[in-house]
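# Topology and contacts: notes
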Amino acid sequence: MDRSASCPHEGDRLSGSLRRMHERLASAIDRIFPAMVDHLADLIRIPSVSALDPAAVRESAEATANLLHEAGFQGARLLEVEGSHPAVFGEIPGPHGAPTVLLYAHHDVQPPGPGWTLEPFEPLERDGRLFGRGSADDKAGIVVHLGAIAAHDGRPPVGIKIFIEGEEEIGSAHLPDYLEQYAELLASDVIVIADAGNWKVGVPALTTSLRGLVDCEVEVRTLSDAVHSGLFGGVFPDALMSLARLLASLHHDDGSVAIDGLVHGDGDHLDLPEHEVRSQAGAVDGVHVIGRGSLTAKTWSQPAISVLAIDAPTVENAVNALVPVARAKVSMRLAPGDDPAQAMDALVGHLESHAPWGARVTVTRGASGHAFALDTSGSAYDAFRAAFEAAWETPAVEMGVGGSIPFVAAFSETYPDAAILLTGAADPTSGVHGPNESVSLDDLRKSMLAEAIALQLLAEDSASA
């Protein structure tokens with residue numbers, strides 16, 4: 001595959017100045033793109049699993065700092081707060097009067113998990129995609145930012161600060177500490193968070209809403225100890241059957257969430273064909289779509305509950321005894337506009353009030369994160385919309401995301417006057433958090449080009465204001 005193959009020019013659809021900008025920056029991206037892919041491959045080789053390997057996360061941070069230094073960032077270095085994995089920072093001052101843009105990505109990754117048919121930390125280029133853990137989420141974000149700066153020969157037309165986090169995949173627990181300790185250092189006019197994705201391969205997107213998240217662990221106990229199932233089965237319930245009944249109460253028969261008091265949003269004018277969603281999810285033949293409303297409403301603007309894990313005896317260790325205690329971890333996504341504290345109360349209250357057969361139910365509250373709806377007005381969004389359309393030759397879709405990125409709210413609270421944009425090079429087939437994660441190299445290239453164009457448009461808008 002020729003990594004430097006440029007996309008076709010847009011001809012008369014672009015204004016003269018934007019066409020010239022597109023041609024200049026596309027040519028620069030073509031020149032540097034092979035090196036950017038090599039950088040991404042090198043980062044993939046570092047197994048920076050923040051949940052498991054602090055040494056590898058530090059190695060990844062140091063490698064990222066070296067890349068920033070080579071790219072011309074001043075003061076490229078690790079940032080640390082007590083108890084956290086290291087983040088990475090660098091900056092390039094802009095011309096006088098130009099806005100300052102903070103570029104965000106994260107260098108930590110999820111554990112490989114089961115199901116891989118490829119080596120997760122050995123990058124592989126095949127069929128126009130680069131495979132490996134972190135290829136899309138979110139080491140791609142790092143090289144998108146690097147590519148956009150390199151397209152401007154390391155001298156962008158705006159001030160640039162870059163912040164690469166090291167613990168996003170374990171909930172960004174210390175990000176508020178970073179934003180407090182380094183508030184002035186990270187202050188900016190525009191924040192570009194490259195940790196989202198596109199509508200589909202070849203169709204760019206700006207993410208405009210995120211669901212929130214709460215989770216908990218629920219324990220069900222019916223007996224003080226295991227007892228003979230022949231002597232007591234049919235007299236007292238075992239903990240597993242009780243837990244199963246309790247978990248089943250979380251949904252109505254049609255699969256919609258049965259907890260009272262949650263926010264339910266309306267559908268969106270966008271929607272995906274069911275066959276595409278089935279393919280993306282790997283749904284087995286015959287399994288039903290659950291819930292109510294459109295597919296995008298179900299994933300963007302309605303709550304959803306998943307049972308993530310159950311602690312119970314394994315099948316191979318089963319004996320003829322009633323199980324006395326069983327536990328499960330329950331995760332609930334929240335629609336934009338819902339309050340995590342109130343939603344957690346509703347989830348805990350439901351579980352405690354639906355104890356089957358008098359079982360003792362104990363709920364331990366876990367993590368929570370706010371849903372978020374971004375303000376898409378203003379010059380920053382205008383610049384990125386124009387840049388995306390120039391790079392992809394098609395308008396950007398504005399979409400919601402069913403996942404949660406709680407730190408978006410943290411940035412918004414710390415910098416209330418900054419425009420926040422969510423972008424990314426991933427697509428629905430990237431396998432984010434799953435096996436054989438990958439990124440489209442063509443979309444990766446266009447993401448770099450779009451960001452480079454957007455930086456130029458932001459500078460020109462500021463100069464003309």
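First things first, this report covers the structure right here in the doc.

Rules used in this analysis
- The written sequence of each chain sets the order in which its residues are numbered from 1.
- Side-chain atom pairs in this predicted model are given and counted only at pLDDT of 80 or more, local residue features only at pLDDT of at least 70, and totals for whole chains, interfaces and linings cover all residues.
- Side-chain descriptors were evaluated using all non-hydrogen atoms of the structure, hydrogens and water having been removed beforehand.
- By the convention used here, strands pair only if DSSP detects at least 2 bridges between them.
- Helix numbers and strand numbers start at the N terminus; a helix is a DSSP run of H or I with at least 4 residues, a strand a run of E with at least 2.
- Between the N-to-C directions of two axes lies an angle of 0 to 180 degrees, each axis being a line fitted to C-alpha atoms and, for a helix, fitted only over the stretch in contact.
- Here, residues are in contact when the closest pair of their heavy atoms is within 4.5 Å.
- As used in this structure description, the phrase polar contact means that two N or O atoms lie within 3.5 Å; if the pair is within protein, one of them must be able to donate a hydrogen and the other to accept it, and residues adjacent in sequence are counted only when both atoms belong to side chains.

## Thoughts on the sheet that holds strand 18 (residues 438-440)
Spatially, three strands are ordered 4-5-18 in an open sheet, and the strand pairing comes out antiparallel. What marks the edges here is a single partner per strand, and that holds for strand 4 (124-126) and strand 18. Between one strand axis and the next, the sheet turns by 20° as a mean value, whatever way the strands run. Note that strand 4 and strand 5 (residues 129-131) share three bridges and pair antiparallel. Bridging from a neighbouring strand, Glu125 pairs with Leu130 of strand 5. Most of the contacts of helix 1 (residues 16-44) go to strand 5, to which it runs at about 20°, and overall it touches strand 4, strand 5 and strand 18. Its contacts with the sheet place helix 13 (residues 441-464) against strand 4, strand 5 and strand 18, and it is angled at close to 65° to strand 18.

## Things to note about the sheet that holds strand 13 (residues 325-334)
Overall, antiparallel pairing links the four strands, which are arranged 11-13-9-14 in an open sheet. Lying at the two open borders of the sheet, with one neighbouring strand each, are strand 11 (304-311) and strand 14 (360-369). On average, adjacent strands in this sheet sit at an angle of 20° to one another, irrespective of strand direction. In this sheet, strand 13 lies alongside strand 11 in antiparallel orientation, the contact comprising seven bridges. From the neighbouring strand, Ile310 faces strand 13, where its bridge partner is Ala328. Against the sheet, helix 7 (residues 239-248) touches strand 9 (212-221), strand 11, strand 13 and strand 14, its axis set at about 15° to strand 13.

## Here's the deal with the side chain of Ser188
With respect to the helices and strands, Ser188 occurs in the loop between helix 5 (183-186) and strand 7 (190-194). A distance of 3.4 Å separates a polar side-chain atom of Ser188 from the backbone oxygen of Val190. Setting aside anything within four residues of it in sequence, one finds Ser188 in contact with Thr100, Val101, Leu102 and Ala418.

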